[in-house]
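# A closer look at the structure
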Amino acid sequence: MVDHTEKLDTEPMLSAIALGSNLGDSLVILESALKNLDQTPGITVKAKSSWYQTAPVGPPQPDYLNGCAILEVQLTPEELLETLLGIERQFGRVRLEHWGPRTLDLDLLLFDQLILESPTLQIPHPRMTQRDFVLRPLAEIAPHWIEPVSGMAIAQLLEQLNSAEGNRSNSDITEQYFDGDSPQLKSEYKY
Ligand SMILES: Nc1ncnc2c1ncn2[C@@H]1O[C@H](COP(=O)(O)OP(=O)(O)OP(=O)(O)O)[C@@H](O)[C@H]1O
Ligand SMILES: Nc1nc2c(c(=O)[nH]1)N=C(CO)CN2
């Protein structure tokens, strides 16, 4: 576990993450990952989407359960990534095949309006605007958040993706799961 305590006096920022799982008890894994994040010093889970069952993109493998969350963080983007990777490892994530099945995938999508390109971290996540399984849940909880590379709001990006000619992403999502308190639409957020 990374020690983030020295950062706790810095200004909190909002970050959006994507969660996915298609091995094991995905619903339990995703909910536990969120709880784990919320218990991490410097991170508060502010909103979570509902969970969507989605057809796999990439090699043949089981359907995924996907969702997104908004975090309030008092960490650097690099520390947040390190935390996400640590939680993936805790849930037994092993990297065997490109875009292959996994118990838990946590992607850092957005960090306020930051654009960052480093060898280990790219923000916004470079593939997020092409992924219905990311934009759909994110649009539930942050429809007005501007993706800083395109300059477009998440809801607009979703609409654009789904209206693109020949795009089949609408059919990627087969079912939507709600649990008691989701989606939590937080009107107090500026995004
Ligand atoms: N925004 C980001 N979020 C998560 N990982 C990132 C990001 N930018 C760069 N990376 C790097 O990508 C690596 C994770 O790759 P991973 O194996 O999870 O990719 P993937 O989930 O299979 O594919 P994809 O990135 O297309 O979702 C991390 O070790 C990290 O260094
Ligand atoms: N439906 C779906 N397909 C995927 C997913 C995912 O989360 N959901 N993640 C991948 C690699 O990050 C590759 N393919």
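Residues numbered from 1 in each chain as written. Chains lettered and ligands numbered in written order. Predicted model: local features only at pLDDT ≥ 70, side-chain atom pairs only at ≥ 80, totals over all residues. Heavy atoms only, no water.

## Structural notes on the pattern of salt bridges
Enumeration over the complete set of coordinates arrives at 3 salt bridges. The salt bridge involving Lys-48 is made with Glu-31; its shortest N-O contact spans 3.0 Å. Remark: Glu-31 occurs in helix α1 (residues 26-38) and Lys-48 occurs in strand β2 (residues 43-48); sequence separation between them is 17 residues. With relative accessibility at 23%, the residue Glu-31 sits in the partly exposed group. Between Arg-136 and Asp-132 there is a salt bridge, and its shortest N-O distance comes to 3.3 Å. Placement of both Arg-136 and Asp-132 in helix α3 (residues 132-141) is noted, with a separation of 4 residues, approximately one turn of the helix. (Salt bridge = Lys/Arg side-chain N within 4 Å of Asp/Glu carboxyl O. Helix = DSSP H or I, 4+ residues; strand = E, 2+ residues; numbered from the N terminus. Buried < 20%, exposed > 50% of the residue type's maximum accessible area, 1.4 Å probe, protein only.)

## Considering the UniProt feature "domain: 7,8-dihydro-6-hydroxymethylpterin-pyrophosphokinase" (unreviewed entry) in the chain
With numbering matched to this structure, UniProt assigns "domain: 7,8-dihydro-6-hydroxymethylpterin-pyrophosphokinase" (unreviewed entry) to residues 98-109. Its end C-alpha atoms 19 Å apart, residues 98-109 is made of 0% helix and 42% strand. (UniProt positions renumbered as here; feature names shortened; annotations may be inferred.)

## Some points on unusual backbone geometry
Look at the link from Ile-123 to Pro-124: it is a cis peptide, with omega at -5°. Counting through the fold element by element, Pro-124 comes out in the loop between β7 (122-123) and α3. Phi at Asp-112 is positive, roughly 50°, even though this residue is not glycine. Within the element layout of this structure, Asp-112 appears in the loop between β5 (105-111) and β6 (116-117).

## Here's the deal with α3
The element α3 is extensively covered by neighbouring structure, given that 9 of its 10 residues are classed as buried. Residues Asp-132, Phe-133, Val-134, Leu-135, Pro-137, Leu-138, Ala-139, Glu-140 and Ile-141 constitute the buried set of α3.

## Thoughts on the pairing of strand β3 (residues 51-54)
Alternating positions in β3 separate into two faces, Trp-51 and Gln-53 on one and Tyr-52 and Thr-54 on the other, with burial throughout. Pairing between β3 and strand β4 (residues 64-73): 3 bridges, direction antiparallel. Its bridge partner lying in β4, Gln-53 is registered against Leu-65. (Pairing = 2+ DSSP bridges.)

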